[in-house]
Amino acid sequence: MKYIMVTDFDKHWDQIPDNFTSYPTSMVKQRVANDKYISGTETIFIKKPKHSDHIETAWLGKVYDIVNVPGKIFFRVKLEKEIACPKEYSSLGNGWYFEI
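This section reports on the structure supplied with the text. (Residues numbered from 1 in each chain as written. Predicted model: local features only at pLDDT ≥ 70, side-chain atom pairs only at ≥ 80, totals over all residues. Heavy atoms only, no water.)

**Description of the overall build of the chain**
Across its full length, the chain carries zero helices and six strands. In the chain, the succession of α and β elements from N to C terminus is β-β-β-β-β-β. Over its C-alpha trace the chain gives a radius of gyration of 12 Å, about what one expects of a compact globule, namely 13 Å for 100 residues. C-alpha extents for the chain along the principal axes are approximately 30 × 25 × 25 Å. Within the chain, the fraction of its 100 residues that count as buried is 40%. The contacts in the chain between residues at least 6 apart in sequence include a share of 66% that link residues at least 24 apart. Approximately 5800 Å² of the chain is accessible, and the part contributed by carbon and sulfur atoms is 48%. Where the 14 positive side-chain charges of the chain centre and where its 13 negative ones centre are 3 Å apart. (Helix = DSSP H or I, 4+ residues; strand = E, 2+ residues; numbered from the N terminus. Rg over C-alpha atoms; globule rule 2.2 N^0.38 Å. Buried < 20%, exposed > 50% of the residue type's maximum accessible area, 1.4 Å probe, protein only. Contact = heavy atoms within 4.5 Å. Areas by Shrake-Rupley, 256 points an atom, 1.4 Å probe, with all protein chains shown as cover. Lys, Arg positive; Asp, Glu negative; His and termini not counted. Charge placed at Lys NZ, Arg CZ, Asp CG, Glu CD.)

Take a look at the structure:
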């Protein structure tokens, strides 16, 4: 399994205070059971500028300490390296996608 996380949020992904952030559950693009949120899962983090389909930057990394509460999912981000955004993900909008 792999996660793809896309956002146009300010200061994401490389400037998050304490590497701790959250997504509203409305940004989860597939319905998954709580046990599908697995700490340490390989993740591609994609940053887009607001109101644009352009890719600003992409990183390979992992998410940790995932906590799902009603309406929000909290997690820690660990970036490992900057990468070129894979073409198959370049048109994705804001959201948390699951490649299973």
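**Topic: the nonpolar core**
The biggest cluster of nonpolar side chains holds 17 residues, and the ones touching the most others in it are Tyr 3, Met 5, Trp 13, Tyr 37, Ile 66, Phe 75 and Trp 96. When near neighbours in sequence (up to four residues on either side) are disregarded, Phe 75 contacts Met 5, Trp 13, Asn 19, Phe 20, Thr 21, Ser 22, Tyr 23, Val 63, Tyr 64, Asp 65, Ile 66 and Trp 96. In this structure, Val 6, Ile 44, Ile 46 and Ala 58 belong to the second largest nonpolar core, which totals ten residues. (Core = buried A, V, L, I, M, F, W, Y, C linked by side-chain atoms within 4.5 Å.)

**A closer look at the side chain of Lys 48**
Residue position: Lys 48 is located in the loop between strand S3 (41-47) and strand S4 (57-69). Under the relative-accessibility criterion, Lys 48 is labelled buried at 4%. A distance of 3.2 Å separates a polar side-chain atom of Lys 48 from the backbone oxygen of Ser 90. Excluding its chain neighbours within four sequence positions, the residues that come into contact with Lys 48 are Val 6, Thr 7, Asp 8, Asp 53, His 54, Ile 55, Glu 56, Ser 90, Ser 91 and Leu 92. (Polar contact = N/O pair within 3.5 Å; in protein donor to acceptor, adjacent residues only side chain to side chain.)

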